[in-house]
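# An overview of the molecular structure
Residues per chain, in single letters:
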Amino acid sequence: MGNKEAPYLLFVNGSWRESSSGSTFTTYDPATNEPLAEVAQSEPEDVDLAVEAARGALEHKEWRELDPAKRGRILFRIASLIRERSDDLARLESLDNGKPLREAKGDVGYTARTWEYFAGLADKIEGKTVPVPGLRFDYTRVEPLGVTVHIVPWNYPLVLGSRGIAPALAAGNTAVVKPSSLAPLTNLKLAEIAHDAGLPKGVLNVVPGRGSETGSYLAGHKGIDSITFTGSVETGREVMKLAAQHITPVTLELGGKCPNIVLEDADRARAVRGVLRGIFTNAGQMCWAGSRLLVQESVKDKLLRALKKGTDSIIVGPGTSEKSHMGPLVSEQQVDSVMGYIKIGQDEGAELLTGGERAKDGGLAQGNFVQPTIFSEVDPGMTIATEEIFGPVLSAITFEDMEDALEIANRTEFGLCAGVWTRDISRAHRLAAELESGVVSINEYPITFPQTPFGGFKQSGIGREQGLEAVYSYCRVKNVNVNLL
Ligand code: NAD
């Protein structure tokens, strides 16, 4: 019980408040399954207040019509407070989600960088003039959308929350954020930071609560102007249906089954490091997990031997221990789902190269630990090669040549990320052009920056986050024509 946090409330209109019903939900430390914090459960009345506060802040114009350079300066202050409080934020993210402290520190650094990038863009959002016939002057105005909603998952709460909130605020919007009930704490800390940085009240509101209640009520709300949802395809579909009631625009960042393609001429040592990082970071709970290894037949044996060796040296343990390379999964339910996929892999005839069990030794039995697992001899049609497992399970598939690799890589309903490992630059670019993925990484995996667009093709999503694309996605374009006669 040593890690128990003080209770967390809702953040609405610049202040903390209890849920209108007084009810709370509990978050747990995934390393022990001990309660971590009691968090106020936002009821529909609370969501209404948060949406009203965000609308009010928009109408008072002290944010939307603030000198954009000043708006940027407040966002820069948020970034510096994130850096100042990085140790506390990293510890909290590690406790709430389970990820190793080292990864959580990386997340906090990435989050600060994201706020800095969008802070710098606040005064660079431009319209254009358009050539039209006659004595006319035609131009576009790029205006904020209004009240933006951000529904955030549990796997990278701080990074993925900020990835949507920062560009939305930079463009002059206001925001209502619904973090995941499994790991809501750092998004609530973000509200505190924004307040301390001088963000006007009502501009950022955070309403924690269960997805099926708070999330769905918020997504179907009449008073909002956009939804940025990051989560599973199944929930994304629900959110889209709710949004359709009021034709609310959606950005959807959904699941993946990303191929990591290793050609025979790849730098093997680098590829091994990238493949391991690509599947075992965050215990594989990543939309961009390189969960399908596509390896050329001629180098398969050597590569798999090296991968097994690397995997067997991974230390599994609590995220808050400096020694741990890989932490627990977020919940018991997630463990059951991953263990179910491991069983299906075995039943369908894949070969278990290493792992495949819950990790219990060394005091881990109470937590949600699963061994890092590799399956070889996987057929591209097997369940473990087609469905998102969202856990530390790699499925190794072999291919003959580049065309074969491409066909297997694209044989999925997802299209988020892909990795390519080769020293042949022309093959690398040809694959990059043909892969049906929103993000392609060559000789490095996974990699993304706040300034590079991120998002999926096919069922991996709609729209782009990060980069210039993100800030413009939080704007609406108005065309103005002036007859000069
Ligand atoms: P999830 O879909 O269960 O939940 C995501 C968020 O939606 C949570 O805040 C949840 O409370 C809320 N929610 C749940 N039901 C809802 C409903 N009916 N209406 C409105 N909101 C609802 O996803 P998760 O388990 O938190 O995250 C894992 C999934 O997210 C994986 O599929 C993963 O691939 C995906 N993901 C995608 C990206 C990306 O950038 N493409 C990034 C991270 C995670």
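Coordinates for the structure precede this section.
Presented here is an overview of the structure given in this document. Computed from a predicted model, the values in this text were never measured in an experiment.

### What to know about the overall build of the protein chain
Tallying secondary structure elements over the protein chain gives 15 helices and 19 strands in all. Scaling as 2.2 N^0.38, a compact globule of 485 residues should have a C-alpha radius of gyration of about 23 Å, and the protein chain matches this with 23 Å. Across the 485 residues in the protein chain, those meeting the buried criterion constitute 56%. Relative to all contacts within the protein chain whose residues are 6 or more apart in sequence, the contacts with residues 24 or more apart total 73%. Of the roughly 19,500 Å² that the protein chain leaves accessible, carbon and sulfur atoms contribute 51%. Side-chain charges in the protein chain split into 51 positive and 63 negative, and the spacing between the mean points of these groups amounts to 5 Å.

### Quick notes on the packing of aromatic side chains
Both the distance between ring centres and the angle between the ring planes are used here to describe each pair of aromatic rings. Scanning the model with the defined rule gives 6 aromatic pairs in all. Relative to F390, the ring of W154 has its centre 5.5 Å away and its plane inclined at 85 degrees; by these criteria the two rings are edge-to-face. Taken as a pair, W154 in the loop between β6 (147-151) and α5 (157-170) and F390 in the loop between α12 (383-386) and β15 (393-399) lie far apart in primary sequence, 236 residues in all. Like W154, the residue F390 is buried in the burial classification. Linked through ring pairs, Y156, W288 and F454 together constitute an aromatic cluster. In this structure, K99 is placed above the aromatic ring of Y156, and the distance from its NZ or CZ to the ring centre is 3.6 Å.

### Describing the pattern of salt bridges
All chains considered together, the criterion is met by 25 salt bridges. Of the charged contacts in the structure, one is a salt bridge between K458 and E436, with a shortest N-O distance of 3.0 Å. Residue K458 is located in the loop between β17 (439-442) and β18 (461-462), and its partner E436 is located in the loop between α14 (425-434) and β17; the two are separated by 22 residues in the primary sequence. What you see here is one network of salt bridges that share partners, running through R141, E143, R476 and K478.

### Some thoughts on the side chain of D96
Tracing the sequence through the fold places D96 in helix α3 (residues 86-97). The side chain of D96 sits in the buried core without any salt bridge; K99 is the nearest counter-charge, 11 Å away. In contact with D96, not counting residues within four places along its chain, are T27, Y28, P30, L36, L182, A183, P184 and L185.

### Here we look at the site of the ligand
Inspection of the region around the ligand gives 28 residues, with V152, W154, K178, L254 and E388 positioned closest. K178 is positioned with one of its side-chain polar atoms (N or O) 2.6 Å from an oxygen atom of the ligand. Side-chain polar atom of E388 to an oxygen atom of the ligand: 2.5 Å apart, as the coordinates give it. Within the residue set of the shell around the ligand, elements represented by two or more residues are α5, α7 (211-219), β9 (226-230) and α8 (233-244). A per-element tally of the shell around the ligand places α7 first, with 4 residues. Here the residues of the shell around the ligand are counted per class, giving 13 nonpolar, 11 polar and 4 charged.

### Describing the side chain of Q466
Within the secondary structure, Q466 is located in the loop between β18 and α15 (467-473). Judged by relative accessible area, Q466 falls into the buried class, the value being 3%. For Q466, the side chain forms a polar contact with the main-chain oxygen of T452, separated by 2.9 Å. In this structure Q466 touches Y110, F118, R163, T448, F449, P450, T452, P453 and F454, once residues within four positions along its chain are discounted.

### Re the pairing of β15
Across the 7 residues of β15, 6 count as buried, placing the element largely inside the fold. As defined by bridge partners, strand β12 (residues 292-296) adjoins β15 across 5 bridges and the pair is classed as parallel. Looking at the pairing, R292 lines up with S395 of β15. Looking at chain direction, strand β14 (residues 373-376) and β15 are connected through 3 bridges and run parallel. From the neighbouring strand, T373 faces β15, where its bridge partner is V393.

### Notes on a nonpolar patch on the surface
Taken together, the side chains of L135, F137, V482, L484 and L485 present a nonpolar region at the surface, about 510 Å² in accessible area. Of note, L135 is situated in the loop between α4 (101-121) and β5 (136-144). Among the residues examined, L135 registers a relative accessible area of 52% and is labelled exposed.

### A word on the sheet that holds β14
Note on sheets: strands pair through backbone hydrogen bonds, and any given pair is parallel or antiparallel. Here we have 7 strands laid out as an open sheet, ordered β13-β14-β15-β12-β11-β16-β17, and mixed in their pairing. At either margin of the open sheet sits one strand with a lone partner, and together these are β13 (351-354) and β17. Strand-to-strand, the axes of this sheet are offset by a mean angle of 25 degrees, without reference to chain direction. Examined bridge by bridge, strand β11 (residues 259-262) and strand β16 (residues 417-421) share 3 bridges and lie parallel to one another. Bridging across to β16, N260 finds its partner in G419.

About the thresholds
- Residues numbered from 1 in each chain as written.
- Predicted model: local features only at pLDDT ≥ 70, side-chain atom pairs only at ≥ 80, totals over all residues.
- Heavy atoms only, no water.
- Helix = DSSP H or I, 4+ residues; strand = E, 2+ residues; numbered from the N terminus.
- Rg over C-alpha atoms; globule rule 2.2 N^0.38 Å.
- Buried < 20%, exposed > 50% of the residue type's maximum accessible area, 1.4 Å probe, protein only.
- Contact = heavy atoms within 4.5 Å.
- Areas by Shrake-Rupley, 256 points an atom, 1.4 Å probe, with all protein chains shown as cover.
- Lys, Arg positive; Asp, Glu negative; His and termini not counted.
- Charge placed at Lys NZ, Arg CZ, Asp CG, Glu CD.
- Phe/Tyr/Trp six-rings, centres within 6.5 Å; stacked < 30°, edge-to-face > 60°.
- Lys NZ or Arg CZ within 6 Å of the ring centre and 35° of its normal.
- Salt bridge = Lys/Arg side-chain N within 4 Å of Asp/Glu carboxyl O.
- Near = heavy atom within 4 Å.
- Polar contact = N/O pair within 3.5 Å; in protein donor to acceptor, adjacent residues only side chain to side chain.
- Nonpolar A, V, L, I, M, F, W, Y, C, P; charged D, E, K, R; others polar.
- Pairing = 2+ DSSP bridges.
- Patch = residues over 30% accessible without salt bridge, like charges linked within 9 Å, V, L, I, M, F, W, Y side chains within 5 Å.
- Axes fitted to C-alpha atoms, helices over the stretch in contact; angles between N-to-C directions.

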